[in-house]
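# Residue-level structural notes
The lines below spell out each chain.
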Amino acid sequence: MLEALGLIARYGRFVLVGGLGAGLVLPGVALALRPWLSELVLLLLFLTAFRVGLPAALEGLNQTRNTLGVVLAYQLALPLLCIAVFAGFGLAQSPVAIALTLMLSAPSVTASPNMAVLLGHSPEPGFRLLILGTLILPLTIIPIFWVSPALGSLPEAIHAALRLGLSICATIALAFILRAVLRPDMHRSEIHALDGLTSLALAVIVVGLMSAVAPALLTAPRTLAKWLVVALVANLGIQTLAYLGLRRIGDARTAAPMALVAGNRNVALFLVASTATQTDEFLLFLGCYQFPMYLTPILMRRLFGRG
């Protein structure tokens, strides 16, 4: 079993592509998985925290100041800049402006540390951004929702963010405790097997997130193409700019894991937090957003290299 999971970990980026394909050709499965997405995301977070362990997580505390600066740039400065740019052209209420603002306001996707592993980098920098970004989300979204009322109800967004933060804290605490009790010192083969298991979990999750894309292939191909271009440019473009900037001002070893987070955000969080997400176009954007996200370990491999 360990060898099989280790093999999956070795080719994990192709497993993610398989998940994208399954989401397109198995719409019934995608709809069946959709109600379980929250639980699957927390399972993925558990596996990531179990892999990292509390000692490795604590080692990164001395970099909290740098991590906080990156989080504030990602989740506060960028969305406010996005609002200002679209407002300057009179397009602040457009679906594209709303989708991009919500994307930039969101914290890291739970899978960002796993993506770093698939690219040969350490998961700890992305893990720190994930935890800190999620915990301060209730604070960073206040000025964003205040500046752009089109995003929906601020109290509902804060409530959802607080609920997510508590869920994440409980999941991480359980993972750290079980790691300390069951596997304080993991062998390399066990780490590779765990990486393979997380790749499988990622592939399953993406099937559920693709539930809106398959119908659009038949009913609205032009609209689908538009949102796919928006998602690709936003995700991969921001990753590239973040990577180049972080290499200039920070540690080159952490530039790639942190740049991954710049483009790969937990946009699905706002499905329960903002009335602006309850539209067919935003759901289509969310589905298209999975393509650059899950193709990141392949498309960004040449730029990010290996750690």
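Before going into details, it helps to say that this report is about the structure given with it. (Residues numbered from 1 in each chain as written. Predicted model: local features only at pLDDT ≥ 70, side-chain atom pairs only at ≥ 80, totals over all residues. Heavy atoms only, no water.)

### A word on the pattern of salt bridges
Spelled out, the test is: For salt bridges, the criterion is a side-chain nitrogen of Lys or Arg within 4 Å of an Asp or Glu carboxyl oxygen. By the criteria applied, helices consist of DSSP H or I runs no shorter than four residues and strands consist of E runs no shorter than two, each listed in order from the N terminus.
All chains considered together, the criterion is met by 3 salt bridges. Measuring nitrogen to oxygen at the nearest pair gives 2.6 Å for the salt bridge that ties Asp195 to Arg51. Residue Asp195 is found in helix α12 (residues 188–209), and its partner Arg51 is found in helix α4 (residues 37–52); the two are separated by 144 residues along the sequence. In this structure, Arg183 and Glu190 form a salt bridge, with 2.8 Å as the shortest nitrogen-oxygen distance.

### Details of a nonpolar patch on the surface
Filter applied, for reference: Like charges within 9 Å and nonpolar side chains (Val, Leu, Ile, Met, Phe, Trp, Tyr) within 5 Å are joined into patches, using only residues over 30% in relative accessible area that form no salt bridge. Every accessible area reported is derived by Shrake-Rupley at a probe size of 1.4 Å, with residue values counting cover from the shown protein chains alone.
A cluster of nonpolar residues, Phe14, Val17, Ile298 and Leu299, forms a patch on the protein surface that exposes about 320 Å² of accessible area. Those elements that place two or more of their residues in the nonpolar patch are α2 (12–25) and α16 (280–299). With respect to the secondary-structure elements, Phe14 resides in helix α2.

### Description of the packing of helix α9 (residues 124–135) against helix α15 (residues 252–263)
Applicable threshold: Each axis is a line fitted through C-alpha atoms, taken for helices only over the stretch in contact, and angles between the N-to-C directions span 0 to 180 degrees. Crossings are assigned a handedness: left-handed for a near helix turned anticlockwise from the far helix by less than a right angle, right-handed for a clockwise turn. Whether two residues touch is decided by their heavy atoms; if any such pair falls within 4.5 Å, the residues are in contact. Asp, Glu, Lys and Arg are counted as charged, while Ala, Val, Leu, Ile, Met, Phe, Trp, Tyr, Cys and Pro are counted as nonpolar; the rest, among them Gly, fall into the polar class.
Where α9 meets α15, the axes come as close as 8 Å, and the angle between the chain directions of the two elements is 35°. Crossing geometry of α9 relative to α15 is assigned as right-handed. Within the contact between the two elements, α9 uses Pro125, Gly126, Arg128 and Leu129 and α15 uses Thr254, Pro257, Met258 and Val261. Taken together, the residues of the contact of α9 with α15 break down into 5 nonpolar, 2 polar and 1 charged.

### Overview of the packing of aromatic side chains
In plain terms, the rule: Ring geometry is summarised as follows: Phe, Tyr and Trp rings, the Trp one being its six-membered ring, pair when their centres sit within 6.5 Å, and such pairs are stacked at plane angles under 30 degrees, edge-to-face over 60 and tilted between the two.
Taken as a whole and judged by the stated rule, the model has 6 aromatic pairs. Through pairs of rings, three or more aromatic residues link up here, namely Trp227, Phe282, Phe285 and Tyr289.

### Some thoughts on the packing of helix α7 (residues 95–105) against helix α14 (residues 221–249)
Close contact between α7 and α14 brings their axes to 12 Å; oriented N to C, the two are set at 35°. In the packing of α7 onto α14, the handedness of the crossing is right-handed. Contacts from Pro95, Val96, Ala99, Leu100, Met103 and Leu104 in α7 reach Trp227, Val230, Ala234, Asn235 and Ile238 in α14. Of the residues contributing to the contact of α7 with α14, the split by class is 10 nonpolar, 1 polar and no charged.

### Observations regarding the nonpolar core
We apply this condition: To form a nonpolar core, buried Ala, Val, Leu, Ile, Met, Phe, Trp, Tyr and Cys residues must be joined to one another through side-chain atoms within 4.5 Å. Three labels apply to residues, based on accessible area from a 1.4 Å probe with only protein chains included: buried if under 20% of the type maximum, exposed if over 50%, partly exposed otherwise in between.
Tyr74, Met103, Phe127, Ile172, Phe285, Tyr294 and Phe304 are the most contacted members of the largest nonpolar core, which totals 94 residues. Non-local contacts of Met103, meaning those with residues more than four positions away in its chain, are made with Ala234, Asn235, Ile238, Ala262, Gly263, Arg265, Val267, Phe285 and Tyr289.

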